[in-house]
Amino acid sequence: MKKKSNRVTITQVAEKSKVTIGTVSHVINGTAPISPEVTARVQKVIEELNYIPNMTARSLRSKKSKQVGFLVPNLNNSFYPRILSTFINHAFEHEFIVQIFGYEYSVEKELQVMNNLSSNSVDIVIIINGMGDEAGINRLLDMHKKVILADRFSDMKGVNCIFFDNNQAILEAVALMKSKGYRKIGFISEPLTFTNIQERFAGFQAALSACGYAFAEDDVFICGGFQLDALVNGYHYMSNILEKRDKKHLPDAFIATSDLLAIGTIRALREHGYQVPGDFGIISFDNIEISSFVNPRLTTIEQNQTDMGTELFHLVQAISENKNVSDKIILPQKLIIRDSC
C-alpha cells in the first residue's frame, strides 16, 4: 500500500487559520493586501504546522521560472565558488531552487548534464564557459528552456550572455609593464578553447601592438593541464621551461590567465633563483582572495565574481518575470596594482 504523506498542505494551513487557500497564498507570496491581523494569524499557523511551500507547484501556478540549473566547469576552481555563493544567496532570498553541476571541462559531461536538464523541471539553465555544446543548447531551447551563458560570448539566437570586457584592462596591464621597463611580454594560458580565453589572447595581442611590442609565437605558453589544476601544473610547467631555457631566451614579463597559474609560475621562478618582480614581472587574472596574501602580492586584472553572481541572478529574476532583458551584458574589469610587476 502507498504510504500517506505527512507533508503539511496549504489546505490544512487555511483550515486552521480559518481563511481561504487564496488568502494563505497571498500571505506567503505578498501578492495581495491582507490585513495585519489575518497575516499574523496565518504566519503563526505556518510556524506551528511547520508548513513548507511546494516550490514546484507554486512555479506552475504562477507560470514563473523558479528552478535553475547551474553548470560550472570545475567546482574545485576557487574562481567559481564566489559566483555560485552570491547567486545562491539571492536565489534563496527569492525562493528559487538551484541545481548545481560540475562538468570538469568535459564536453561529454556538459552535454550529458544538458540532456538531462532538457527533460526535467528546470526552467532556466546557466552555463559558465562551455564549448562545443551548441547542439545541447539548441536542445534546451527546443524544450522551451531559457539559456544564459556566463563569462562567455555567443551570437546564438535566443541565448543571453554575461561576460567581462577583455580589452581595456589588458591594455592597461601591458602599458604598466612597459612603464616598468620590461622588454618582452609572454602569455601563459590554458588552451584557447573557451571564448573568454580567446578574447584575452586577442586583447593581449592588440595591447602589445598598441604599446609598441612585437608579438612572437615562442612567447606564448599553453598547457591543457592548467584547466583542472593551474596552481600545481603551472609550477611544474614553468619549472620544466626553466630547465631548458635561460633568462635571456625568455620574456621578462608574463600575462597569466589566472591567479593560481601566476602563483605556481612565481614559485618556479623563485626556486630557480629569480626575483619577482625584478628579473621577471607577472600580471594575472581573477583577483581571487589569495592573490592579495601571497608573496609577492599579485598585480591582477579583477573579474568581480560577486558582481557576476548578482548580475546573473538579476537576469534570471527578470526572465522568470517575463521582462525584457538585454541579450548581451558586459561587465567591466579592473587592473589591481600590487607587487608582482
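Definitions and limits used
All chains use their own residue numbering, which begins from 1 and follows the written sequence. Per-residue local features of the predicted model are confined to residues with pLDDT of at least 70, and side-chain atom pairs are confined, for both listing and counting, to 80 or more; whole-chain, interface and lining totals are unaffected and use all residues. Note that the side-chain values use all heavy atoms of the structure and ignore hydrogens as well as water. The numbering of helices and of strands both runs from the N terminus, where a helix is a DSSP run of H or I of at least 4 residues and a strand a run of E of at least 2. The buried label goes to any residue with under 20% of its type's maximum accessible area, the exposed label to any with over 50%, and the partly exposed label to all in between, with areas taken from a 1.4 Å probe on protein chains only. In what follows, a contact means two residues having at least one pair of non-hydrogen atoms within 4.5 Å. Computed by Shrake-Rupley with a 1.4 Å probe, the accessible areas treat only the displayed protein chains as cover when residues are assessed. Asp and Glu count as negative and Lys and Arg as positive, but His and the ends of the chain are not part of the count. Every charge is mapped onto a representative atom, which is NZ of Lys, CZ of Arg, CG of Asp or CD of Glu. Pairing of aromatic rings covers Phe, Tyr and the six-membered ring of Trp, with a centre-to-centre limit of 6.5 Å; geometry is then stacked below 30 degrees between planes, edge-to-face above 60, and tilted otherwise. In our convention, an over-ring charge means Lys NZ or Arg CZ found within 6 Å of a ring centre and within 35 degrees of that ring's normal. Grid spacing is 1 Å over the protein atoms alone, the probe is 1.4 Å, and a cavity is where that probe fits but cannot get out, while a pocket is an open set with protein on both sides within 12 Å along at least five of seven lines and lining residues have an atom within 4 Å of a point. Grid points are joined across faces, edges and corners, and a volume is the space filled by probe spheres set on the points.

- In the annotation of an unreviewed UniProt entry, the entry for the protein reads LacI family DNA-binding transcriptional regulator, and the organism field reads Congzhengia minquanensis.

With respect to the overall build of the protein
And then number 1: Secondary structure assignment for the protein yields 12 helices and 12 strands.
And then number 2: Considering only C-alpha atoms, the protein reaches an extent of 85 × 40 × 40 Å along its principal axes.
And then number 3: By the burial criterion, 49% of the 341 residues in the protein qualify as buried.
And then number 4: Here the contacts in the protein between residues at least 6 apart in sequence split such that 70% fall between residues at least 24 apart.
And then number 5: For the protein, the exposed surface amounts to about 16,800 Å²; the carbon and sulfur share of it is 51%.
And then number 6: Once the 36 positive and 37 negative side-chain charges of the protein are each reduced to a mean point, those two points are 8 Å apart.

Section: the packing of aromatic side chains
Each aromatic ring pair is specified by the distance between its two centres and by the angle formed by the two planes.
And then number 1: Taken as a whole and judged by the stated rule, the model has 14 aromatic pairs.
And then number 2: On the numbers, 5.9 Å between centres and 70 degrees between planes, the contact of Phe87 with Phe313 is edge-to-face. Of this pair, Phe87 sits in helix α5 (residues 80–93) while Phe313 sits in helix α12 (residues 305–320), placing them 226 residues apart in sequence. Just as Phe87 is buried, Phe313 falls in that class too.
And then number 3: With a centroid separation of 5.2 Å and 85 degrees between ring planes, the pair formed by Phe226 and Tyr237 is classed as edge-to-face. Of this pair, Phe226 sits in the loop between β7 (220–222) and α10 (230–244) while Tyr237 sits in helix α10, and the two are 11 residues apart along the sequence.
And then number 4: Under the relative-accessibility criterion, Phe226 is labelled buried at 3%.
And then number 5: In textbook terms, an aromatic cluster arises when at least three aromatic residues are bridged by ring pairs, as seen for Phe70, Phe87, Phe96 and Phe313.
And then number 6: The side chain of Arg267 reaches across the aromatic face of Tyr235, ending 4.5 Å from its centre.

Observations concerning empty space enclosed by the protein
And then number 1: Enumeration according to the criterion identifies 2 cavities of 30 Å³ or more in this entry.
And then number 2: Estimated volume of the largest cavity: approximately 230 Å³.
And then number 3: In this structure, the largest cavity is lined by 22 residues; those nearest its centre are Asn77, Tyr80, Tyr105, Glu190 and Ser258.
And then number 4: Counting residues per element, the ones that place at least two in the lining of the largest cavity are α9 (195–210) and α11 (259–271).

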